[in-house]
Amino acid sequence: MTVRFDILRREKAESMPYRQVIEYTTDDPNATVATALTALNETVGLTDVEGRPVERIMWECSCLQKKCGACAMRINGLPRLACDTKLKDCGPTIQLEPLKKFPPVADLIVNRDVLHDNLKALKVWLEDEAEPDERATDIAYEASRCLQCGCCLEVCPNFLPDFLGGKGQFAGTAAMPPLARLIAELPREKKRELEKTYRKRFYEGCGKSLACRNICPAGIDIERLLVNSNAMAVWKRLLKK
Ligand code: SF4
Ligand code: SF4
Ligand code: FES
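Note that the structure is a prediction, hence the values are computed from the model and not measured. (Residues numbered from 1 in each chain as written. Chains lettered and ligands numbered in written order. Predicted model: local features only at pLDDT ≥ 70, side-chain atom pairs only at ≥ 80, totals over all residues.)

### Considering the packing of helix α5 (residues 176-185) against helix α6 (residues 192-203)
1) Next: Their axes nearest at 10 Å, the elements α5 and α6 cross at an angle of 150°. Comparing their axes, α6 and α5 come out roughly antiparallel. α5 and α6 meet at a crossing whose hand is left-handed. Taken together, the residues of α6 that come into contact with α5 (itself represented by M176, L179, L182 and I183) are L194, E195, T197, Y198 and F202. (Axes fitted to C-alpha atoms, helices over the stretch in contact; angles between N-to-C directions. Helix = DSSP H or I, 4+ residues; strand = E, 2+ residues; numbered from the N terminus. Parallel < 35°, antiparallel > 145°, perpendicular 65-115°, else oblique. Left-handed = near helix turned anticlockwise from the far one by under 90°. Contact = placed C-beta atoms within 7 Å.)

So, in C-alpha cells, the structure goes:
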C-alpha cells in the first residue's frame, strides 16, 4: 500500500507554516499513522514528492497503545490518535495537522499545558480521606479512562483558549471526566465546592451540543458522565430549594 502524507509543517512556534507531501509505502496492512511517521523519520535521505529533502517530522508519542494521548493530532480534519489510526482507513492522501485549539510548538506538536492548568485550577483532588460511594463505581471507571488528549476540546464550539482570544471560564470537556468522577463518588458534604466549580467552569459554558460525544479516542461515554453530573451538581440542588 502506498499513501501520500500531506503534512502541515512549521519549524518552531513563530515560523511560517507550509505544507509538504511525502509518499510512504508499506506491506503491513495494520500500519498506523504512528508507524508511518516513525518509519519516515528513520529513512535516510528522505525526499518529498517534489524531490526536496525532508527534515525530521516533529510529533509526540509515548505508549503507542492508545493509553497516553500524546500522539493526538488532526488526521484528515478530525482529532485522532496517530497510534490508533490505520492507514487503510484513511484513503490515498492523509492530511496531518497539529491540533488547532492549542498553541503550536513545531510540526505536529502543540502545547497542551492548559489541560493540566485547568485541572489544577479546578482543584480536582481530595483534601482528606473519603469513603467513595460504591454505587458510582462504573461512572468512576468510565471517567478514569480519560487520557487528557484534548481531542474533545478540538471539536467543542464553546471552548476558546486564551491564545485564540478566549476569555471565558469554560474549561471544556477534558476537565469534565475528573470532576464527574468525584461528583459521583464523594459523599455530599465533601463535594460542595466541586459541584460549585462544575456549575461555574463547565455547566454554564457548555451548550449541550454534544459535538464532543463521538470523538473521544478512549471511547468514554461523555453523554452519560454529563447527564449524571448535571443531575447531581445542578438539578438535584435546584429541586431541593
Ligand atoms: S456538549 Fe458541546 S459545548 Fe458541551 S462540552 Fe461537548 S462539544 Fe462542548
Ligand atoms: S474525554 Fe476523551 S477526548 Fe476528551 S481529553 Fe479525555 S480521553 Fe481525550
Ligand atoms: S502514543 Fe500514547 S496514545 Fe498514541
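Having seen it, we continue.
### Comments concerning the environment of E60
1) Next: As for its placement among the helices and strands, E60 is situated in the loop between α1 (33-42) and β3 (72-75).
2) Next: Once the C-alpha coordinates of E60 and L87 are considered, the two residues, 27 residues apart in sequence, prove to be 18 Å apart.
3) Next: Residues in contact with E60, not counting those within four places in the same chain, are A70, C71 and I109.

### Some words on the sheet that holds β3
1) Next: Spatially, five strands are ordered β2-β1-β5-β3-β4 in an open sheet, and the strand pairing comes out mixed. Each of the sheet's edge strands pairs with one partner strand only, and the pair in question is β2 (18-25) and β4 (78-81). When the angles between neighbouring strand axes are averaged without regard to direction, this sheet yields 35°. (Pairing = 2+ DSSP bridges.)

### Points about the domain arrangement of the protein chain
1) Next: Domain boundaries assigned for the protein chain yield domain 1 (2-110) and domain 2 (113-240).
2) Next: The distance between the C-alpha centroids of domain 1 and domain 2 comes to 30 Å.
3) Next: The interface is formed by 13 residues belonging to domain 1 together with 14 residues belonging to domain 2.
4) Next: It is β4 that contributes the most residues to the side of domain 1 that touches domain 2, three residues altogether.
5) Next: Partitioning the side of domain 1 that touches domain 2 into residue classes produces seven nonpolar, one polar and five charged. (Domains from an automatic or database assignment. Nonpolar A, V, L, I, M, F, W, Y, C, P; charged D, E, K, R; others polar.)

### Details of the site of ligand 1
1) Next: Taken together, C156, N158, G172, T173, C206, G207, K208, S209, L210, A211 and C212 make up all the residues around ligand 1.
2) Next: Looking at the shell around ligand 1 residue by residue, the class counts come to five nonpolar, five polar and one charged. (Near = placed C-beta within 6 Å.)

### A look at the packing of helix α3 (residues 137-144) against α5
1) Next: For the pair α3 and α5, the least separation of the axes is 8 Å and the interaxial angle reads 165°. Taken together, α3 and α5 sit at an angle that is classed as roughly antiparallel. In the crossing of α3 with α5, the sense of the turn from one axis to the other is left-handed. Residues I139, A140, A143 and S144 of α3 touch α5, and the partners they reach there are P177, P178, A180, R181, A184 and E185.

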